[in-house]
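A closer look at the structure
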Protein chains: 2
Amino acid sequence: MIVAVDAAGGDYYPKNPVEGALQAVEENSELTVLLFGPEDQVNKELANHDYDTQRVLVHDAPQVIGMEESPAQAVKTKQQSSIVVGVGLHKAGKCDAFVSAGNTGALLAASMFGLGKLKGVLRPTIASYFPTIKGFRLLVDAGANLEIKPEAAVQFAKMGQIYCQQILKIDNPKVGLLNVGEEEGKGTDLLKEIHAELKNHDNFVGNVEGKDILPGKADVFLCDGLVGNIVLKFGESIPEIVQQMIGGAVKEMGLSKEEVGQIQKVLHTALSSFNYENVGGIPFLGVNGVSIVGHGGSSPLAIKNMIKSAVQTVENDVNGKIVASLN
Amino acid sequence: MIVAVDAAGGDYYPKNPVEGALQAVEENSELTVLLFGPEDQVNKELANHDYDTQRVLVHDAPQVIGMEESPAQAVKTKQQSSIVVGVGLHKAGKCDAFVSAGNTGALLAASMFGLGKLKGVLRPTIASYFPTIKGFRLLVDAGANLEIKPEAAVQFAKMGQIYCQQILKIDNPKVGLLNVGEEEGKGTDLLKEIHAELKNHDNFVGNVEGKDILPGKADVFLCDGLVGNIVLKFGESIPEIVQQMIGGAVKEMGLSKEEVGQIQKVLHTALSSFNYENVGGIPFLGVNGVSIVGHGGSSPLAIKNMIKSAVQTVENDVNGKIVASLN
């Protein structure tokens, strides 16, 4: 099992990708990692660590795609970047998966054009993890397809269910269509069409509303990428805001240092289910390969878990199961 | 100043609407309330209270529209309901505003058809309050128009700004367009068109993302009713979920009764900025009248504040200012 890791992606490269990769190798004796990035920088970081040189390899990719660069432009002009080189070698079969905490749009573009689509897939999708009171669930599409057609939506639902089953280990994952009301006739004409297409689909629980997300009423929340992206980023902003609000309340109430410490501990435990480090990355579903992207701020732990997801995706043959379900 | 109050709307009628109306009358000596609902029920509730009989009047409306009834159907078939009768009398100039904690869709339909549109308005909109770290701001459209056209979007922005200024008392309210990224070229073709239309508009801060809502990066968050409704209901679900998560953490950590009590107090203070009771209701902007709807679960305090908003809307001539800004 060889997982390629973007060592020139994210806000803390090469440090965090390298550390995460080394942790992954230590945990899984079957794993080899291939670090893509400017060779000198990656080797310099590696020199700070002890590791199995047989299972940690470096592949030079001198160009770096910035987090704010225009994806299409970057992929076109930076052919020697970690993302373009790494995805190219994945396509050529030199590695089993590619993971990155870098520019999401660039990785999506490189994966779409470089890897192509799985047989029968109309459009690949980004399936984002979303925290609920029951644990992480999936929000599909999270921004790759701002508008969706009913046939593609049904495929997103199927791909999301397979990922939920194989990676999140949820039996019979339920699909809910994000809408403005529960009743069948609710929403735009497009949502009504999607509802009609999904009606006879296994485990479709019908329309769900914004208030049903955090309680985890479905396992796969289906929506277009516009709604998905807005809801995803909104959700990610909650822990910080809750901390600020509690901080404000604590100040207002004039609590003692010990009391504040206690409350911080409670808050830390309570908000841990919002911690994306524990899942590490979000997959592009429907591409002919395994391509996973993480937050720019990914910690070594997040990178390690991203690599773990990639391994599980390969080992459980998620792509084979997607092809079988669509054809 | 006469405000009509739906005494047959919401989950706790006639009790909460009647109590809220009496509180409003007590607070404002210039105010008369007109309670619409089944006369016997309303009078029975009034009998529990002392009040100024000159300024609290009852108008019989024997039919009740349920919270789950189909709005169009209900408005058509229940001509003797509080909503239809009340809006009709508002149209006829017998009262200055109508407030209800009842069926939102029914009140919207009755207001659209019964009151008509203000001069120059393409489409009325629901402008919902939304909690941010800076206090309540506006989310427009919150579900009345699932799809919007650029010209209507610009009007929504203007109407939202006027309401923000006059009722929320925010100087120079900023308008942000909810989108998948900050850059000008982001989003669907429709969002790009709306962006172009708004570009030369006063106080337009450009695209904002899901993560910008809770920090209050704009004062008017502009979006279509599909996004608005999903985000609104998602936001409303946060306090309950945060309480559950903190409850879980407290259990896990085995805290003492005193410690738990302390944390509950902190949480109560921290989450108070999410408390919709303090704002009370959301206005339909663009209709030729003042029509405000509140949560089904509105408390007497929420009803009182809804009536207060209605009074301010009339006193500040929000509708006159909308007409002036659009024509």
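Keep in mind it's a predicted model, so treat the numbers as computed, not measured.

So, on to the overall build of chain A. Looking only at helices and strands, chain A features 12 helices and 11 strands. Relative to the compact-globule value of 20 Å for 327 residues, chain A shows a C-alpha radius of gyration of 20 Å, a close match. Taking all 327 residues of chain A together, 59% fall into the buried category. Of the contacts made within chain A by residues no fewer than 6 positions apart, 72% connect residues no fewer than 24 positions apart. As displayed, chain A offers around 13,100 Å² of accessible surface, 48% of which is attributable to carbon and sulfur atoms. Taken together, the 28 basic and 38 acidic charged side chains of chain A have centroids lying 4 Å from each other.

Secondary-structure assignment places threonine 188 of chain B in the loop between strand E7 (175–178) and helix H7 (189–198). Excluding anything up to four places from it in sequence, threonine 188 of chain B contacts Leu146 and Glu147 of chain A.

For the rest of this paragraph, the subject is the nonpolar core. Residues Ile246 of chain A together with Ile246 of chain B are the most contacted members of the largest nonpolar core, which totals 228 residues. Not counting residues within four places of it along the chain, the set of residues in contact with isoleucine 246 of chain A comprises Ile263 and Leu267 of chain A together with Ile246, Val266, Leu267 and Ala270 of chain B.

Here is the key point about a regular strand: its side chains alternate between the two faces of the sheet. Residues and elements named next belong to chain A. Burial of the side chains of strand E4 (residues 97–100) extends over both faces: Ala97 and Val99 are buried on one face and Phe98 and Ser100 on the other. Pairing between strand E1 (residues 2–6) and E4: three bridges, direction parallel. Bridge pairing in E4 places alanine 4 opposite phenylalanine 98.

Right, let's get into the packing of helix H10 (residues 257–270) of chain A against helix H9 (residues 238–253) of chain B. Each pair of packed helices gets described by two things: the angle between the helix axes and the distance between those axes. For the pair H10 of chain A and H9 of chain B, the least separation of the axes is 8 Å and the interaxial angle reads 115°. By the angle class used here, H10 of chain A and H9 of chain B are roughly perpendicular. Crossing geometry of H10 of chain A relative to H9 of chain B is assigned as right-handed. For the pair H10 of chain A and H9 of chain B, contact is made by Gln262, Lys265, Val266, Leu267, Thr269 and Ala270 of chain A and by Met245, Ile246, Ala249, Val250, Glu252 and Met253 of chain B, respectively. Taken together, the residues of the contact of H10 of chain A with H9 of chain B sort by class into eight nonpolar, two polar and two charged.

Let's shift gears to the relation of the copies chain B and chain A. It takes a turn of 180° to lay chain B on chain A, together with a shift of 0.0 Å along the axis; the resulting RMSD is 0.0 Å. Seen this way, the second copy is the image of the first under a two-fold rotation axis. Within chain B, valine 227 of chain B has its C-alpha nearest the rotation axis, a separation of 2.9 Å. The residues that chain B uses at the interface reappear at the interface of chain A in 100% of cases, marking a shared surface.

All right, on to the sheet that holds strand E7 (residues 175–178) of chain A then. Residue and element names in this part refer to chain A. In space, the 11 strands of this open sheet follow the order E3-E2-E1-E4-E11-E10-E5-E6-E9-E7-E8, with mixed pairing throughout. Among the strands making up the open sheet, the edge pair consists of strand E3 (56–60) and strand E8 (204–208). Ignoring strand direction, the axes of neighbouring strands in this sheet form an average angle of 25°. Here six bridges tie strand E5 (residues 125–132) to strand E6 (residues 135–140), and the two strands are oriented antiparallel to one another. By the bridge assignment, tyrosine 129 is partnered in E6 with leucine 138. Relative to strand E9 (residues 220–222), helix H6 (residues 150–166) is tilted by about 165°, and along the sheet it contacts E5, E6, E7, E9, strand E10 (282–285) and strand E11 (291–293).

On to the interface of chain B and chain A, then. Taken together, the contact between chain B and chain A spans 50 residues of the former and 50 residues of the latter. Summed over both sides, the interface of chain B with chain A buries roughly 4,300 Å², with 81% coming from carbon and sulfur. When the area that chain B buries against chain A is broken down by residue, the three leading residues are Ile230, Phe234 and Met245 of chain B, summing to 17%. At the boundary of chain B with chain A, the tally comes to two salt bridges.

For the peptide bond that leads from valine 140 of chain A to aspartate 141 of chain A, omega is 5°, which places it in the cis range. Mapped onto the elements of the fold, aspartate 141 of chain A is located in the loop between E6 and H6. Non-glycine residue asparagine 172 of chain B carries a positive phi angle of around 45°. With respect to the helices, strands and loops of the structure, asparagine 172 of chain B is situated in the loop between helix H6 (150–166) and E7. Positive phi, close to 50°, is recorded for aspartate 317 of chain B, a residue that is not glycine. Summarising the element assignment, aspartate 317 of chain B is placed in the loop between helix H11 (300–315) and helix H12 (318–326).

Moving on: the packing of aromatic side chains. Summed over the entire model, instances satisfying the criterion amount to 11 aromatic pairs over all chains. For the pair phenylalanine 234 of chain A and phenylalanine 130 of chain B, a centre-to-centre distance of 5.8 Å together with 80° between the ring planes defines the contact as edge-to-face. You can see phenylalanine 234 of chain A sitting in helix H8 (residues 225–236) and its partner phenylalanine 130 of chain B sitting in strand E5 (residues 125–132), one on each of two chains. Since its relative accessible area comes to 0%, phenylalanine 130 of chain B is described here as buried. Arranged with centres 6.2 Å apart and planes meeting at 65°, the rings of phenylalanine 36 of chain B and phenylalanine 98 of chain B form a pair that is edge-to-face. Here phenylalanine 36 of chain B, found in strand E2 (residues 32–37), pairs with phenylalanine 98 of chain B, found in strand E4 (residues 97–100); they are 62 residues apart in sequence, far enough to count as distant. One aromatic cluster is present, built from ring pairs that chain together Tyr129, Phe136, Tyr163 and Tyr276 of chain A.

Residue and element names in this part refer to chain B. Here we have 11 strands laid out as an open sheet, ordered E3-E2-E1-E4-E11-E10-E5-E6-E9-E7-E8, and mixed in their pairing. Strand pairing shows two members of the sheet lacking a second neighbour, strand E3 (56–60) and strand E8 (204–208), which therefore form its edges. Averaged over all adjacent pairs, the angle separating strand axes in this sheet is 25°, with direction ignored. The sheet contact formed by E2 and E3 spans five bridges and is parallel. Note that in E3 the partner of glycine 37 across the bridge is aspartate 60. Where H6 meets the sheet, its contacts fall on E5, strand E6 (135–140), E7, strand E9 (220–222), strand E10 (282–285) and strand E11 (291–293), and the angle it forms with E9 comes to roughly 165°.

Cut-offs and rules
Every chain is numbered on its own, with residues counted from 1 as its sequence reads. Note on labels: chains are lettered from A, ligands numbered from 1, in written order. Only residues with pLDDT of at least 70 are given local features in this predicted model, and only at 80 or more are side-chain atom pairs given and counted; all residues enter the totals for whole chains, interfaces and linings. Water and hydrogen atoms were dropped before computing side-chain values, which therefore reflect all heavy atoms in the structure. Going along the chain from the N terminus, every DSSP run of H or I of four or more residues is numbered as a helix, and every run of E of two or more is numbered as a strand. The atom set for the radius of gyration is the C-alpha atoms, and the globule formula is 2.2 Å times the number of residues raised to the power 0.38. Buried residues are those whose accessible area, probed at 1.4 Å on protein chains only, stays under 20% of the maximum for their type, while exposed residues exceed 50% and partly exposed ones sit between those limits. By the convention used here, residues are in contact when the closest approach between their heavy atoms is within 4.5 Å. Areas reported here follow the Shrake-Rupley algorithm with a probe of radius 1.4 Å; residue values treat only the protein chains shown as occluding. Charge assignment in this entry is limited to Lys and Arg as positive and Asp and Glu as negative, and neither His nor the chain termini are counted. A single reference atom marks each charge: NZ on Lys, CZ on Arg, CG on Asp, CD on Glu. By nonpolar core is meant a set of buried Ala, Val, Leu, Ile, Met, Phe, Trp, Tyr and Cys residues that side-chain atoms within 4.5 Å join together. We treat two strands as partners when DSSP finds at least two bridges between them. Axis angles are defined between N-to-C directions and span 0 to 180 degrees, where every axis is a line fitted to C-alpha atoms and, for a helix, only to the segment in contact. Roughly parallel covers angles under 35 degrees, roughly antiparallel covers those over 145, roughly perpendicular covers 65 to 115, and oblique covers all other angles. Crossing handedness is defined as follows: a turn of the near helix away from the far one that is anticlockwise and smaller than a right angle gives a left-handed crossing, while the clockwise case is right-handed. Nonpolar residues are Ala, Val, Leu, Ile, Met, Phe, Trp, Tyr, Cys and Pro. Charged residues are Asp, Glu, Lys and Arg, and all others, Gly as well, are polar. For this overlay, a least-squares fit was computed on C-alpha atoms, restricted to residues scoring pLDDT of at least 70 in both copies. Note on definitions: buried area is the accessible-area loss of two parts on being combined, 1.4 Å probe, summed for both. Here, a salt bridge means any side-chain nitrogen of Lys or Arg that lies within 4 Å of a carboxyl oxygen of Asp or Glu. Stacked, tilted and edge-to-face are the three classes applied to pairs of Phe, Tyr and Trp rings, where Trp contributes its six-membered ring and a pair requires centres within 6.5 Å; stacked means planes under 30 degrees apart, edge-to-face means over 60, and tilted covers the rest.

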